[in-house]
Amino acid sequence: MSCSFAASPLARREFLNPVCGSSRFISPGRIYQPRSKCEISRRTFVFRGIVASGASVIGSSLITEPSPGMERLPFKPEGYNFWTWRGHKIHYVVQGEGSPVVLIHGFGASAFHWRYNIPELAKRYKVYAVDLLGFGWSEKAIIEYDAMVWKDQIVDFLKEIVKEPAVLVGNSLGGFAALVAAVGLPDQVTGVALLNSAGQFGDGRKGSNQSEESTLQKVFLKPLKEIFQRIVLGFLFWQAKQPARIVSVLKSVYINSSNVDDYLVESITRPAADPNAAEVYYRLMTRFMLNQSKYTLDSVLSKLSCPLLLLWGDLDPWVGSAKATRIKEFYPNTTLVNFQAGHCPHDEVPELVNKALMDWLSTVKPQASLQVL
């Protein structure tokens, strides 16, 4: 989900646009089978709301028991497994046996956001949930963050850890990372599932007529702008650490907030205790979140070659159902399932998402095992 750093009002836009189609029902969601072609409306990928910041767990007023009848991934403050990628520590969870399914969290979240999905999917599949660099239990690396960094991370994770063809499943930012990784390694990705994915469609009207920076801009204005940004974002980062703020934003994107509990809040706040978390937040907000126009959904979808599933919370205040419709129209090999849920349907209505995902996974044709050197 995009439950993470408390971003500024700028941080409140989306990445993709929904799809339409025919109709078969999964209560309370409708399933649409692939049909026409389309394009997706552009919205920025910045989110207002939670950013992984550091604080302690919130008080006992929150629900701490798992959803009735749902098995939940045990929370481990020390994390599960670690892999070294380009000198950086990457956290991941792995459970089950069978064809691989890789789960990729949203902005500010972690592998623990798949707490109700991993145990169920692992009954039939080998399930991996990975923390993107800069998030969760992965290292808070001081680098220039870019969508292609996470694409490279997922591609190498498939090559070095998974080592066979897999389905990629991503929520929010993780959805866009899954798409670009699938395009980057088509022979090892057999399908992609997106849950209220980030991403934006291109705007042909905008040209690239940026003028060169003047000496005044370079020497005086740019440093002043950076100082101002650091002050403002430093305050927002501090504010985002507060557990009450985390709960407030989570409740704004969960239509049914019964799963907004201590487990979820701690999985968001704990990673921010890292000494580099504030600098990562600053870099994400100034150099990544506000510079998304060079990576568009239409350019990525036009290169996609595998089946696509959209699991969409229609009541998401950040990424509306129209986005899913547009993705489906643009990319015909798409199945759409709608839920009466918000931005994170996998955690809000996990039993419905698990069923819809497993039904679709059973239709995805596995490729011959691919050993990657």
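These numbers were taken from a predicted model, which means no experiment stands behind them.

Draft legend 1. Focus on the pairing of strand E4 (residues 88-95). Across 5 bridges, the pairing between strand E3 (residues 81-85) and E4 is antiparallel. Residue pairing for E4: Phe-82 is matched across the bridge by His-91. From the end of E3 to the start of E4, which pair antiparallel, there are 2 residues, and Arg-86 there has a positive phi angle of about 50°. Where E4 lies against strand E6 (residues 126-130), 4 bridges are found, and the strand directions are antiparallel. When the bridges of E6 are listed, Tyr-92 appears paired with Val-130.

Draft legend 2. Just the pattern of salt bridges, in detail. Considering all chains together, one arrives at 10 salt bridges under this definition. For Arg-72, the salt bridge identified is with Asp-261, shortest N-O distance 3.4 Å. In this pair, Arg-72 is assigned in the loop between strand E2 (29-32) and E3 and Asp-261 in the loop between helix H5 (243-253) and helix H6 (262-269), connecting sequence segments 189 residues apart. When its relative accessible area of 22% is taken as the criterion, Arg-72 is described as partly exposed.

Draft legend 3. Representation of the confidence of the model for the protein within the structure. In this model, the protein carries an average pLDDT of 78, and 67% of its residues clear a pLDDT of 70 or more. Predicted confidence for residues 3-64 stays below pLDDT 50, and this span has 286 contacts to residues more than four positions away or in other chains.

Draft legend 4. Expanded view of the environment of Phe-75. Secondary-structure assignment places Phe-75 in the loop between E2 and E3. Placed 37 residues apart in sequence, Phe-75 and Phe-112 show a C-alpha to C-alpha distance of 7.3 Å. Non-local contacts of Phe-75, meaning those with residues more than four positions away in its chain, are made with Phe-112, Trp-137, Tyr-263, Glu-266, Ser-267 and Arg-270.

Draft legend 5. Molecular detail of the pairing of strand E10 (residues 334-339). Taken across its 6 residues, E10 has 6 buried, putting it largely inside the fold. Note that strand E9 (residues 308-313) and E10 share 6 bridges and pair parallel. Its bridge partner lying in E10, Leu-309 is registered against Thr-335. Viewed along the sheet, the connection from E9 through helix H9 (residues 321-330) into E10 turns out right-handed.

Thresholds, definitions, all that
- Position numbers for residues count from 1 along each chain, tracking the sequence in the order it is written.
- Local features in this predicted model are restricted to residues of pLDDT 70 or higher, and side-chain atom pairs are both shown and tallied only at a pLDDT of 80 or more, whereas totals for entire chains, interfaces and linings draw on every residue.
- Hydrogens and waters are ignored; side-chain quantities use all the structure's heavy atoms.
- The rule for pairing is simple: two strands pair if DSSP sees at least two bridges between them.
- Here a helix means four or more residues in a row that DSSP labels H or I, a strand means two or more in a row labelled E, and each is numbered from the N terminus.
- The term salt bridge refers to a side-chain nitrogen of Lys or Arg lying within 4 Å of a carboxyl oxygen of Asp or Glu.
- Only protein chains enter the area calculation, which uses a 1.4 Å probe; residues under 20% of their type maximum are buried, those over 50% are exposed, and those in between are partly exposed.
- Known as pLDDT, the predictor's per-residue confidence is scaled from 0 to 100.
- For this analysis, residues touch if any pair of their heavy atoms sits within 4.5 Å.
- Every crossover in which the path from the first strand over the helix to the second runs clockwise, viewed with the strands pointing away from the viewer, is termed right-handed.

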